[in-house]
Amino acid sequence: MILSSPLDYREAARRRLPRFLFDYVDGGAFGEETMAANRADLSAIRLRQRVLRDVSAPSLETSLFGERMAMPVLLAPIGLGGMMRRRGEVQVARAACRADIPYILSTVSVCSAAEVTQSCGRPVWFQLYVLKDRGFMRHALERAQALGATKLVFTVDMPVPGARYRDAHSGMSGPHAPLRRMMQAVGRPGWAWDVGLRGRPHDLGNITDYRGQPTSLTDYIGWLGANFDPAITWRDLEWIRDFWKGEMIVKGLLDPDDARDAVRFGADGIIVSNHGGRQLDGALSTARALPAIVDAVGDALTVLVDGGIRTGLDVVRMLALGARGVLLGRAYIYALAARGEQGVTHLLNLIAQGMTVSMALNGVRSVGEIDRSSLT
Ligand code: FNR
């Protein structure tokens, strides 16, 4: 299969993964309307076509929270990313290191923060969920700090998990799930050999670190389901803010009032996100929510965004709407599933090329020049 556009990787991932894993990545909540709106509303953003402005040496370089990076693109935390390819998070971390951009490791990664950090020799940004088990949260923060992490991404849009109907249909959950998963794996021998057999252990490294016993996929679903804390408020988070020595970035805001609360709370940054349309279906797309949030918080903190970003052009669109940087989610996970570390590296090259071309045609030479004047 010819992979010449970032969009090609979705189909390549579909061919490689057992159905339960492809649908787990590809799906959203309920009727998947917000997930679709993320793509549709972003695609509808129109940029100005400018000419004769000497765009011969464009620069994508940027700096966020004092960290220099090759482009304003980060890799989003994706639970179970390590099931897409053998020791998948390690492969992603290596590709991120090579591309000189940050990788945000999920709480519920297959590979532990220690395994991932050792593999690429530089700290990841660490993502944490609000969980009832505060002992786990404290342990995970201490481990991340000991491994040199200075950026904490704190995800707050999952007080309860959204209903993901595709997971029940595909065998990720629901009746006879383990048997159905095994039968699907047999039909995907490439994946079964690479991940099913050679990619073990299939546990959740950060949780095993804490509980001291291997956890399985079924354990993962049970533990998470029982552990999300719907009672949480900003006040409950104060100990984390006081405990964490580095920057704290709150992920999963969609409302200007919540963004103002994040400023009052003392967050260093926020990520405008609806979890890729996996939580409240019917919520606004991130492309539509972003401008009002940027207006609400001004320069009080750094605003990042994710949701539906698949190409370099999409990155430029989000920057034009006011984001300082973006997270890629499914875009890089499809590439990981299809071709591993090499696929993620290729995808990131395509994203950088797409940004460079879009910026040149938009008449800007650096990411700092992209703002609402880039829009038409
Ligand atoms: C996610 N997301 C997510 N977010 C988070 O904070 N912790 C996590 O463990 C996960 N896990 C996860 C798994 C899968 C399969 C998906 C698709 C998403 C949300 C993710 O970080 C990001 O917000 C979205 O993926 C962005 O939307 P796009 O780019 O996938 O459309």
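Notes on the structure follow. Counting restarts for each chain: residues are numbered from 1 in the order of the written sequence. Given that the model is predicted, a residue must reach a pLDDT of at least 70 before its local features are reported, and side-chain atom pairs must reach 80 or more before they are shown or counted; all residues, however, enter totals for whole chains, interfaces and linings. The side-chain numbers reported here are obtained from all heavy atoms of the structure, hydrogens and water having been left aside.

The subject of this paragraph is unusual backbone geometry. The amide bond that connects R200 to the next residue, P201, takes the cis arrangement and shows omega of 5 degrees. When you line up the elements, P201 lands in the loop between α9 (189-197) and α10 (205-211). One non-glycine residue, F30, adopts positive backbone phi at about 50 degrees. The phi dihedral of H275 falls on the positive side, at around 60 degrees, and the residue is not glycine. Within the fold, H275 resides in the loop between β8 (269-272) and α14 (286-297). Partly exposed describes any residue whose relative accessible area lies between the buried limit of under 20% and the exposed limit of over 50%, with all areas from a 1.4 Å probe on protein chains only and scaled to the type maximum. Take H275: its relative accessible area is 12%, and that puts it in the buried class. Working definition: helices are DSSP H or I runs of at least four residues, strands are E runs of at least two. Numbering for both runs from the N terminus.

This paragraph deals with the environment of A185. Here A185 is to be found in helix α8 (residues 177-186). What makes A185 buried here is its relative accessible area of 13%. Considering only alpha carbons, one finds A185 and G196, 11 residues apart in sequence, at a separation of 7.8 Å. Two residues qualify as a contact provided that any one of their heavy atoms is within 4.5 Å of a heavy atom in the partner residue. Setting aside anything within four residues of it in sequence, one finds A185 in contact with P18, W191 and A192.

Let us now look at the pattern of salt bridges. Any carboxyl oxygen of Asp or Glu within 4 Å of a side-chain nitrogen of Lys or Arg constitutes a salt bridge here. Summed over all chains, the structure comprises 26 salt bridges. The salt bridge involving D194 is made with R86; its shortest N-O contact spans 3.1 Å. Placement of D194 in helix α9 and of R86 in the loop between β3 (73-75) and α4 (88-99) is noted, with a sequence separation of 108 residues between them. Overall, D194 belongs to the buried group, its relative accessible area being 9%. A relative accessible area of 27% means that R86 is categorised as partly exposed. Ionic pairing is found between R372 and D295, a salt bridge with its closest N-O pair at 3.1 Å.

Next up on the list: helix α15 (residues 312-320). Summarising burial for α15: eight of the nine residues are buried, a large majority. Where α15 is concerned, the buried positions are G312, D314, V315, V316, R317, M318, L319 and A320. Contact partners of the buried residues in α15: α3 (33-43), β3, α14, β9 (302-306), β10 (325-328) and α16 (330-362). Looking at the residues trailing α15, positive phi occurs at G322, about 120 degrees.

This brings us to the nonpolar core. Take the buried Ala, Val, Leu, Ile, Met, Phe, Trp, Tyr and Cys residues and link them wherever side-chain atoms come within 4.5 Å; each set so joined is a nonpolar core. Counting 112 residues, the largest nonpolar core has L75, Y103, L328, Y332 and M355 as the members making the most contacts within it. Per-element tally for this core: the top contributor is α16, with 15 residues. Apart from residues no more than four positions distant in its own chain, L328 is found in contact with V73, L74, L75, A76, I309, L347, L348 and I351. Counting residues in each nonpolar core, the second largest holds 12 residues, with F65, A76, I249 and I271 among its members.

This part covers the state of the cysteines. Two cysteine sulfur atoms make up a disulfide if the distance between them is within 2.5 Å. Taken as a whole and assessed by the stated rule, the structure comprises zero disulfides. With no disulfide partner, C97 has as its closest neighbouring cysteine sulfur the one in C120, 3.1 Å distant.

Strands are labelled as partners when DSSP assigns at least two bridges between them. The strand order β3-β10-β9-β8-β7-β6-β5-β4 describes an open sheet built from eight strands, whose pairing is parallel. Only two strands of the sheet have a single neighbouring strand rather than two, namely β3 and β4 (104-105). Direction of pairing for strand β6 (residues 151-155) relative to strand β7 (residues 247-253): parallel, over a ladder of five bridges. Its bridge partner being in β7, V153 is matched across the sheet by I249.

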